[in-house]
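Analysis of the macromolecular model
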Amino acid sequence: MKMFFNLLFAYAYTLKSVYVFKKRSFMTAVLFLCTMQNVVAEEVTHAVSLYGPPKYSADFDHFDYANSQAPKQGALVIAEIGSFDSLHQFINLGTKPRGLFWLYDGLTDRGHDKDETKVRYGLLAEKIAIADDYSSVTYHLRKEAKFSDGTSVRAKDVAFSIERFQQQGLSNIKSRFLDVQSVDVLDPLTVRLNFGEKGSRLQVINSGNLPVIPQHVWEGKDFTEASLYIPIGSGPYKVLKVEPGRSITYVLRDDYWAKNLPLNKGKYNFKTIQVEYFRDRNAAIQALEAGEVNYIAESNLSRWDKLYQGKAFDDGQIVKDKIDYQAPSFVTALLFNLREAKFSDRKTREALVRAFDFEWLNQKAFGGQYKRAESLFNNSFLASSGTISEAEKAILEPYKSRLPKALFTDAFVWPDTDGSGDNRAQLLESQQLLRDAGWQLKDGVLVDSKDKPFTIHFLLPSPEMKPAIGAYVQSLKRLGIQAQISVRTGTEYYKQLMQRQFDMAPIQYKVRIPPNTEMRSALMSSFANVATSNNIAGFNDPVIDDLVKDLVGASSYQQTQDYGHALDRVLKWNYYFLPLWSRNFQLVAHADYIKRPAIDPAYGYEIEFWWDSREK
């Protein structure tokens, strides 16, 4: 009993110096001591992995994809398109320049090897202690960590950062900490995040992805306003120079506290990184040819083939790299606005999918370089293939009456053509499906039972997509469907998309592993009528709702895969989207003296591991 009260008073005394979001009472302390006997064990680790052990042990030297001998010298000058008007990275307001994330360190940093689907290694945190029931995680900070103004990074900064992001941060950061019930600063270098019964291993992993901001800089300042105030962080770079809207230059910190950590060996090799902004891509490419910039990334294959040509490319002074990666694909797909009654019938949607001649488009517009997307979860372990497995069948059996019968017997295959441009056979199939769905052709116009013409309004984000959709419009005309195309760029496109002012619109989707809040927002019916949600199509299907919940809540790799496959089959067999193409490569043009490691990370290269090879 004496020991009990000693502990009790010790705890109460500690609370005097503890930063807590919730006021604790004497009774809370009693409750804490009464329940602490149930917390019997912790997992103490250098890294947190969702599926299996991390690839790199605590004593690893450097990542396999890093060149630990890379020289730290020279300059990277990146060309970007557009402008910027704020250096406040953590709010929705303002347009930010590329690279602000180089100013900040997180509690943990991610690994990139192909065997590591979801792993984070300690960065600010030297040691991570996870309660066995995931009700809390304790981060033990490295004592040498310092912000760029020389102030030490302490546990109170972690607590302050979480408080700010919970209240006012970007939605993607905010969502990581919504279930953090309280934060305890146990001592200057130790901080505990409490999740209570809502804790999970995924939450523990997500909580490490916290950009830590300095309390002494931000306390008392408005966190909600865009600003050109020079940020302070503990990361490898600091801001050297800013020309608002035009240019920002980062310089590598000589005093960077983490430069010798294994996860940073061979990383952050450029002494300076300058980001130059251009009004259009032609001007940016001209600057590359003139040597004013030495690096530009590209996402459009058509531009890649047409614009990146000339003497500097022929002479080898500029290198064009197409770098494959194994992460989930960027999938471009046309979404139906399912809020519109004309898209409610599955046969109508299938007819529209069959009328799209992807193979001809790929040959004509992209020289056959694109692959058709097979799934919204393309190139991930969530994408289904072949016939249904027993585990998937068990998941979908309760919904059998609401699903196509073929889902349980056949392999799903997207319709294809021979690429010749003659897709008459596919259009005949579409005609039959439209008739089966109740549409009639009258005087060359497809109409419903009330003689209302079938029209489709395509909303596009760029004129560069117009030729691709234009060819599709011609096929639709042959079916009697009247279509029009609107091109809106930038914020205007986003505004119309969020206001759901379209019948069909292209989106780019990349599934996160593991699926989390972003999948709920994109597919669940509860978000269908939320104006700014990512449920752009208006999915409103109870089967999808159930599967998304089960997928997000899956507790193992196998369970996640089974639910992912089941959901994928439901999306495909219902023709809820029209897949266009997927991209599993990155395009980059750079000066020949900019080098990269012999091994690329399987999940995509990072410029931080490249270096300037010019002799100094």
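Please read all numbers here as calculations on a predicted model, not as lab measurements. (Residues numbered from 1 in each chain as written. Predicted model: local features only at pLDDT ≥ 70, side-chain atom pairs only at ≥ 80, totals over all residues. Heavy atoms only, no water.)

Within the protein, the secondary structure is distributed over 18 helices and 25 strands. Computed over C-alpha atoms, the radius of gyration of the protein comes to 27 Å, within 12% of the 25 Å expected from 2.2 N^0.38 for 616 residues, which places it in the range of a compact globule. Taken along its principal axes, the extent of the C-alpha atoms in the protein is 90 × 65 × 40 Å. Of the contacts made within the protein by residues no fewer than 6 positions apart, 73% connect residues no fewer than 24 positions apart. Carbon and sulfur atoms make up 49% of the accessible area of the protein, which totals about 27,900 Å². (Helix = DSSP H or I, 4+ residues; strand = E, 2+ residues; numbered from the N terminus. Rg over C-alpha atoms; globule rule 2.2 N^0.38 Å. Contact = heavy atoms within 4.5 Å. Areas by Shrake-Rupley, 256 points an atom, 1.4 Å probe, with all protein chains shown as cover.)

Let's shift gears to helix α3 (residues 155–168). End to end, α3 covers 20 Å across 14 residues, agreeing with the expected 20 Å (1.5 Å per residue, within 8%). Buried residues dominate α3, accounting for 10 of its 14 residues. Here α3 has its buried residues at A155, D157, V158, A159, F160, S161, I162, R164, F165 and Q166. Along its buried surface, α3 packs onto β7 (136–141), α4 (171–174), β8 (182–187), β9 (190–194) and α6 (215–218). (Expected span 1.5 Å × (residues − 1). Buried < 20%, exposed > 50% of the residue type's maximum accessible area, 1.4 Å probe, protein only.)

So, about the nonpolar core. By size, the foremost hydrophobic cluster in this structure holds 184 residues, and its most contacted members are Y250, L396, Y472, L547, L567, L571 and W610. Ignoring any residue separated from it by four or fewer positions in sequence, one finds W610 in contact with N269, F270, Y295, D321, I323, V588, H590, I594, K595, R596, P597 and Y605. (Core = buried A, V, L, I, M, F, W, Y, C linked by side-chain atoms within 4.5 Å.)

For the rest of this paragraph, the subject is the pattern of salt bridges. Within this structure, the stated rule accounts for 25 salt bridges. E43 is paired through a salt bridge with R201; the nearest N and O atoms lie 2.9 Å apart. With E43 in strand β1 (residues 42–45) and R201 in helix α5 (residues 201–208), the pair connects residues that are 158 residues apart, well separated along the chain. E43 gets classed as partly exposed once you look at its relative accessible area, which sits at 29%. (Salt bridge = Lys/Arg side-chain N within 4 Å of Asp/Glu carboxyl O.)

Across the sheet, which stays open at both edges, the 3 strands sit in the order β2-β5-β4 with antiparallel pairing between neighbours. Each edge of the sheet is formed by a strand with only one pairing partner; in this case those strands are β2 (47–49) and β4 (108–110). Pairs of neighbouring strands in the sheet enclose a mean axial angle of 25 degrees, with direction left out of account. Pairing of β2 with strand β5 (residues 119–122) involves 3 bridges; the strand directions are antiparallel. Paired with V48 across the strands is R120, a residue of β5. Sheet contacts for α5: β2, β4 and β5; angle to β2, the most-contacted strand, approximately 135 degrees. (Pairing = 2+ DSSP bridges. Axes fitted to C-alpha atoms, helices over the stretch in contact; angles between N-to-C directions.)

The subject of this paragraph is the packing of helix α10 (residues 346–354) against helix α13 (residues 424–436). What describes two packed helices is the angle between their axes and the distance between those same axes. Following both chains from N to C, one finds α10 and α13 inclined at 165 degrees, their axes separated by 8 Å at the closest point. By the angle between their axes, α10 is roughly antiparallel relative to α13. When the axes of α10 and α13 are compared, the crossing they make is left-handed. Of the residues in α13, those in contact with K347, T348, E350, A351 and R354 of α10 are Q426, E429, S430, L433, L434 and D436. (Parallel < 35°, antiparallel > 145°, perpendicular 65-115°, else oblique. Left-handed = near helix turned anticlockwise from the far one by under 90°.)

With that settled, the discussion passes to the sheet that holds β7. Taken together, 5 strands build an open sheet; the order of strands is β1-β6-β7-β9-β8 and the sheet is antiparallel. Looking at strand neighbours, the two that pair on one side only are β1 and β8, the edges of this open sheet. Across the sheet, the axes of successive neighbouring strands diverge by a mean angle of 20 degrees, strand direction being ignored. Note: β1 against strand β6 (residues 125–131), 4 bridges, orientation antiparallel. Within β6, the position partnered with E43 by the bridge is I130. Running at roughly 170 degrees to β8, α3 makes contact with β7, β8 and β9 of the sheet. Packed on one face of the sheet, α5 meets β1, β6, β7 and β9 and runs near 30 degrees to β7.

What follows concerns unusual backbone geometry. In this chain, I513 is followed by P514 through a cis amide linkage whose omega measures -5 degrees. Position of P514 among the secondary structure elements: in the loop between β21 (504–509) and α16 (517–523). In the Ramachandran plot, D451 falls in the positive-phi region, its phi being about 60 degrees despite a non-glycine side chain. Relative to the assigned elements, D451 resides in the loop between β18 (445–447) and β19 (455–460).

Once that is clear, we can look at the packing of aromatic side chains. Per the stated rule, a full pass over the model turns up 39 aromatic pairs. Between Y56 and F63, the aromatic rings sit 5.1 Å apart at their centres with planes inclined by 70 degrees, giving edge-to-face as the arrangement. Across the pair, exposure class does not vary: Y56 and F63 are buried alike. Taken together, a centroid distance of 5.1 Å and an interplanar angle of 75 degrees make the contact between F412 and W573 edge-to-face. (Phe/Tyr/Trp six-rings, centres within 6.5 Å; stacked < 30°, edge-to-face > 60°.)

For helix α7 (residues 281–289), the set of buried residues is R281, A284, I285, A287 and L288. What you see down the axis of α7 is that its buried residues fit within an arc of 155 degrees, all on one side. Where α7 begins, the side chain of D280 points an oxygen toward the backbone nitrogen of N282, at a separation of 3.1 Å. Positive backbone phi, approximately 80 degrees, marks G291, located one or two places after α7. (Arc of directions from axis to C-beta. Polar contact = N/O pair within 3.5 Å; in protein donor to acceptor, adjacent residues only side chain to side chain.)

Turning our attention to the pairing of strand β12 (residues 272–278). With respect to burial, β12 is a largely interior element, 5 of its 7 residues being buried. Relative to β12, strand β3 (residues 75–81) runs parallel, the two sharing 7 bridges. Bridging from a neighbouring strand, V77 pairs with Q274 of β12. Sheet analysis places strand β11 (residues 247–252) next to β12, joined by 5 bridges and oriented antiparallel. Residue pairing for β12: S247 is matched across the bridge by E276.

Here we take up the confidence of the model for the protein. Of the residues in the protein, 93% have a pLDDT of 70 or more, and the chain-wide mean is 89. Below a pLDDT of 50 lies the segment residues 1–40, which in the model reaches 35 contacts outside its immediate sequence neighbourhood of four places, other chains included. (pLDDT = per-residue confidence, 0-100.)

Attention now goes to the packing of helix α17 (residues 542–552) against helix α18 (residues 557–573). Packing of α17 against α18 leaves a shortest axis separation of 9 Å and a crossing angle of 160 degrees. By the criterion of interaxial angle, the relationship of α17 to α18 is roughly antiparallel. Handedness of the crossing formed by α17 with α18: left-handed. Along its contact with α17, which presents V543, I544, L547, V548, D550 and L551, the element α18 presents T560, Y563, G564, A566, L567, V570 and L571.

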